[in-house]
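# Results of the structural survey
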2 protein chains.
Amino acid sequence: MVMNKVGRDIPKEYADQFGIYEGELAHISDYQEASRVIKPVKPRDEKLVGSIREAIEKTGLQDGMTISFHHHFREGDFVMNMVLDEIAKMGIKNISIAPSSIANVHEPLIDHIKNGVVTNITSSGLRDKVGAAISAGIMENPVVIRSHGGRARAIAAGDVHIDVAFLGAPSSDAYGNANGTKGKATCGSLGYAMIDAKYADQVVIITDTLVPYPNTPISIPQTDVDYVVVVDAIGDPAGIAKGATRFTKNPKELIIAEYASKVITNSPYYKEGFSFQTGTGGAALAVTRFMREQMLKDNIKARFALGGITNAMVELLQEGLVEKIIDVQDFDHPSAVSLGENANHYEIDANMYASPFSKGAVINQLDTAILSALEVDTDFNVNVITGSDGVIRGASGGHSDTSMACKMSLVISPLVRGRIPTFVEHVNTVVTPGNSVDVVVTEIGVAINPLRQDLIEHFKNIDIPQFTIKELQEKAYGIVGTPDAIQYGDKVVAVIEYRDGSLIDVVRNV
Amino acid sequence: MVMNKVGRDIPKEYADQFGIYEGELAHISDYQEASRVIKPVKPRDEKLVGSIREAIEKTGLQDGMTISFHHHFREGDFVMNMVLDEIAKMGIKNISIAPSSIANVHEPLIDHIKNGVVTNITSSGLRDKVGAAISAGIMENPVVIRSHGGRARAIAAGDVHIDVAFLGAPSSDAYGNANGTKGKATCGSLGYAMIDAKYADQVVIITDTLVPYPNTPISIPQTDVDYVVVVDAIGDPAGIAKGATRFTKNPKELIIAEYASKVITNSPYYKEGFSFQTGTGGAALAVTRFMREQMLKDNIKARFALGGITNAMVELLQEGLVEKIIDVQDFDHPSAVSLGENANHYEIDANMYASPFSKGAVINQLDTAILSALEVDTDFNVNVITGSDGVIRGASGGHSDTSMACKMSLVISPLVRGRIPTFVEHVNTVVTPGNSVDVVVTEIGVAINPLRQDLIEHFKNIDIPQFTIKELQEKAYGIVGTPDAIQYGDKVVAVIEYRDGSLIDVVRNV
């Protein structure tokens, strides 16, 4: 075991393989960018093939290779299941999959794991049954959890080399120019897929809407694409927006949102031309609404809003309260429409969004961000990956990226959820180190990280109750009692990469 | 000496280094894409530096390195001279320069060559005094002439590795997001520069119009940029459009344009949804005008127009006769404005435009293209680089790329220019092999390449006089006499790469 800088013991085997977390910027240095093997496409060559099977055959996919997918269709994704089913039917085994994330809809993956088709996984997260199966120990090799910026980093640095990327595209022409704003299952930005397209040796575009050449706007260009397959349906539009756009009526969440908005609009960063990311989820959407009111009152406009985009943000753009939206992912249909129609709503890839190894990500220019948490501990460490039972059910997302890079990160969370404390002595799993978290916002008030004495000084007269993080934990325990320790097994079922590729934690079987 | 497939003797030294031309697709194979060394930019790092000198110092530019520039400012470019002057002042020597092209305005380069500051050059072309100086033999090493697609190929394949790209940008924010459609010296598309930005180890954006972050649209993203410098002026808008937009009143050129338009609109490719590239120059612009009339008459619309874009093309877009413009370079101000304002006017990079090593260039999808010539010989070989005196004064441009890849290439040229025959027994320098040329159009009629029996059959009843290419040459000699042979020296002053990187010819000193 080797202890890393957030006090987590990392088994030597994994510490040797990945390195251990030693601080937010400890492992950032010059590197040779990874590159792909390109098969040039000659004049008169065609890319359109008749089926997913034919595409797999043409790529020469073999046992042991790495394939990737994107998660822009979220719970509406048909692509990963279709491709893995075909690979399984073809008898190909020992495949590593590197989707940008995995959703509930990917439950068939469990059988592919059990049958030896899929033997390695890297993902931002795992949900429900897949997460439970992984936590139960069905895989020999641990899943590698990477943040969105960390995934872009891993691909650019060659830690993940994608042999074939299977990328669902709401629209494409027969030469592979693809976007997410036209078609039957529009998902908006293809920001995560764009990375795979650039670095994978071979790229297969899978679409249900073939359009005349040249398809524009071009999110994934023909120069990144080897084959194009047309299928009946790539995704379910309802699933793409599932669960994201609900505006909360929960009084606790509304108070949290109001406090978070107040922190932002009273912060030193709130001024004409500021920038913010609020993300998705009920409380986050409510923050956007409260901020809107204050911005109107103060006649202050934001230069840009970032991140996973929702209709709430699009409305600010349309109202002129936000000058530009910089968009790596959309969570609902109105956002996808806006991306296609509004020149000030601009698509970027995950590398530009959040990679710590890029020549400067957009999050580096971000003033403030709202982030969620499953658990926060008394060192401000945040867990967004495992539940209170130790089972993997969340996703790393852009959490560690954004909280580190922006000027003021807010982690919002109720004190307890049901009979489970959110504020704990030690989080089950560290995804984001406490150093990156500036302000924690709950329904009873806020705690400011002592590392940010400037903020403590700035906010000393703000009209919100203030606590230490220890006090928040004690209050949570006071309500629901001290939680029982989780009984983990000995098997490491997932390793948690910090955004720089080093290990910040591991998850054991339950 | 080794003879290549167009019958040119290539000195063994260069044949060994580059390989020799062996056919249009002989050297196209899978390859590992080149990559750059990236210096990650951390949160709070700034890219804005105070001067070009400071930027050069920060990049650590040293003797022997390779730097690049783009030629989107054409005769209005200030950037290359500014940077080379500063490099010379700093005492740095033995620099290789890899601009996408070199214009008359770069005459100061001659002194930098003489003083040992610049010792290697690769470029699409050389004009006037720089061309004359190179042809006189002032450099020890031959200039490497590459087509636009060939340059993109060379960079992607690692034949050219750019240590530092100095890229003039009409507008940029302080983090390096740059475009060519806003600012004081708008040039429109930054298609050639986008390649350098992606592959160069370090990129310096030089702008005279710094805008608030984030600058959009983003032609060159912050993730490709290391430093940003603001100067008083990067270029002269008048020079950018110089010589390009003249509409011909020359009766010979008008007849050529009328014949070319007739060939296209009577070809098997002329139908709803066809595509074309007409390029610049008086006759090419006139072709566009004649085609417009015919398209209106036939109620036929083009799906896309490609290439160096002029106002003539933009008008077709606005009229709805062309659905989309795919734009790697703009030749006048209205085109730059259109790129900034019209979503159907779409910017692409040189790799996507024309690289034979890409996963499919747009020219592979092109129906027909109009190309110019300084000389055409009886094998249909075309020279666009040396004058009748053997002096370098032209540019390879997209000539060999487009003529090879499109379905029907038209080379338009008057039979003679002054007392100089355009049609000759053997061109001074082969840039485009005869195999790639389908139809030659002159003021007296056309010659169709015997390799295109399908076109000879198709056009047998067209209302244009038809000749063999030999007859055109004999008629030209009949008018102006047999040209005297050029007295070349023994020194190779330039090597001409075919688009695949092999040598199709060399140019000796005069």
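Residues numbered from 1 in each chain as written. Chains lettered and ligands numbered in written order. Predicted model: local features only at pLDDT ≥ 70, side-chain atom pairs only at ≥ 80, totals over all residues. Heavy atoms only, no water.

Looking at an unreviewed UniProt entry, chain A carries the name Citrate lyase alpha chain, with the source organism given as Enterococcus camelliae. Quoted straight from UniProt, the Subcellular location (unreviewed entry) entry for chain A says "Cytoplasm". (UniProt positions renumbered as here; feature names shortened; annotations may be inferred.)

### Topic: the confidence of the model for chain A
Taken over all residues, the pLDDT of chain A has a mean of 96, while the share at 70 or more is 99%. If you check the scores for this complex, the pTM reads 0.97 and the ipTM reads 0.97. (pLDDT = per-residue confidence, 0-100.)

### Things to note about the relation of the copies chain A and chain B
Overlay of chain A on chain B (RMSD 0.0 Å): rotation 180°, translation along the axis 0.0 Å. This pairing of chains is accounted for by a two-fold axis. Considering only C-alpha atoms, the part of chain A nearest the rotation axis is Ser35(A), at 3.0 Å. Here 100% of the contact residues of chain A are again contact residues in chain B; the copies associate through an equivalent surface. (Least-squares fit on C-alpha atoms with pLDDT ≥ 70 in both. Contact = heavy atoms within 4.5 Å.)

### So, the packing of helix α11 (residues 311–319) of chain A against helix α12 (residues 333–341) of chain A
Relative placement of two packed helices is described by the angle separating their axes and the distance separating the axes. Residues and elements named next belong to chain A. Two elements in contact, α11 and α12, have axes separated by 8 Å at closest approach and are oriented at 40°. It follows that α11 is oblique to α12 by the angle criterion. Both α11 and α12 take part in a crossing whose hand is left-handed. Each of Asn-311, Val-314 and Leu-317 in α11 lies in contact with α12, whose residues at this interface are Pro-334, Ser-335 and Ser-338. The residue inventory of the contact of α11 with α12, partitioned by class, reads three nonpolar, three polar and no charged. (Axes fitted to C-alpha atoms, helices over the stretch in contact; angles between N-to-C directions. Helix = DSSP H or I, 4+ residues; strand = E, 2+ residues; numbered from the N terminus. Parallel < 35°, antiparallel > 145°, perpendicular 65-115°, else oblique. Left-handed = near helix turned anticlockwise from the far one by under 90°. Nonpolar A, V, L, I, M, F, W, Y, C, P; charged D, E, K, R; others polar.)

### So, the sheet that holds strand β7 (residues 95–97) of chain B
Within a sheet, each strand pairs with its neighbour through backbone hydrogen bonds, oriented either parallel or antiparallel. All names here are of chain B. If you trace the ten strands from one edge of the open sheet to the other, you get β5-β14-β13-β10-β6-β7-β8-β9-β29-β30, paired in mixed fashion. Every other strand in the sheet has two partners, leaving β5 (48–49) and β30 (503–508) as the edge strands with one partner each. Taken together, the six bridges between strand β10 (residues 164–169) and strand β13 (residues 202–207) define a ladder with parallel strand orientation. Paired with Ala-165 across the bridge in β13 is Val-203. Each of β6 (66–68), β10 and β13 touches helix α7 (residues 191–199); the most contacted strand, β10, lies at about 145° to it. (Pairing = 2+ DSSP bridges.)

### With respect to the side chain of Ser147(A)
All names here are of chain A. By secondary structure assignment, the location of Ser-147 is in the loop between β9 (143–145) and α6 (148–157). Of the polar contacts made by the side chain of Ser-147, one reaches the backbone nitrogen of Gly-150; its length is 2.8 Å. Within the structure, Ser-147 has its side chain in polar contact with the side chain of Asp-401 (distance 3.0 Å). When neighbours within four sequence positions are excluded, Ser-147 is seen to be in contact with Ser-396, Gly-397, Ser-400, Asp-401 and Arg-499. (Polar contact = N/O pair within 3.5 Å; in protein donor to acceptor, adjacent residues only side chain to side chain.)

### Focus on unusual backbone geometry
Here the amide bond leading from Thr216(A) into Pro217(A) is cis, since omega sits at -5°, within 30 degrees of zero. Among the secondary structure elements, Pro217(A) is positioned in the loop between β13 (202–207) and β14 (227–230). Although it is not a glycine, Asn299(B) adopts a positive phi angle of roughly 55°.

### Regarding the packing of aromatic side chains
Inspection of every chain in the model, using the stated rule, returns 14 aromatic pairs over all chains. For the pair Tyr21(A) and Tyr498(A), a centre-to-centre distance of 4.8 Å together with 65° between the ring planes defines the contact as edge-to-face. Of the two residues, Tyr21(A) is situated in the loop between α1 (12–18) and β3 (31–32) and Tyr498(A) in the loop between β29 (492–497) and β30 (503–508); the sequence distance between them amounts to 477 residues. We note that Tyr21(A), like Tyr498(A), is buried. Ring geometry for Phe304(A) versus Tyr213(B): centroids 5.4 Å apart, planes at 65°, classification edge-to-face. You can see Phe304(A) sitting in strand β16 (residues 302–309) and its partner Tyr213(B) sitting in the loop between β13 and β14 (227–230), one on each of two chains. Classification of Phe304(A) by relative accessible area gives buried; the value is 2%. With relative accessibility at 12%, the residue Tyr213(B) sits in the buried group. Each residue in the set Tyr175(A), Tyr213(A) and Phe304(B) is aromatic and connected to the rest through ring pairs, giving one cluster. Lying over the aromatic face of Tyr175(B), Lys47(B) brings its terminal NZ or CZ to 4.3 Å of the ring centre. (Phe/Tyr/Trp six-rings, centres within 6.5 Å; stacked < 30°, edge-to-face > 60°. Buried < 20%, exposed > 50% of the residue type's maximum accessible area, 1.4 Å probe, protein only. Lys NZ or Arg CZ within 6 Å of the ring centre and 35° of its normal.)

### Some details on helix α9 (residues 251–265) of chain A
All names here are of chain A. The end-to-end C-alpha distance of α9, which contains 15 residues, comes to 21 Å, matching closely the 21 Å that a straight helix rising 1.5 Å per residue would cover. Residues of α9 that are buried: Ile-256, Ala-257, Tyr-259, Ala-260, Ser-261, Val-263, Ile-264 and Thr-265. Buried residues along α9 sit in contact with β15 (274–277), α10 (282–298), β19 (368–371), β22 (408–412), β26 (439–442) and β27 (445–448). One side-chain oxygen of the residue at the start of α9 lies 2.8 Å from the amide nitrogen of Lys-252, identifying that residue as Asn-250. (Expected span 1.5 Å × (residues − 1).)

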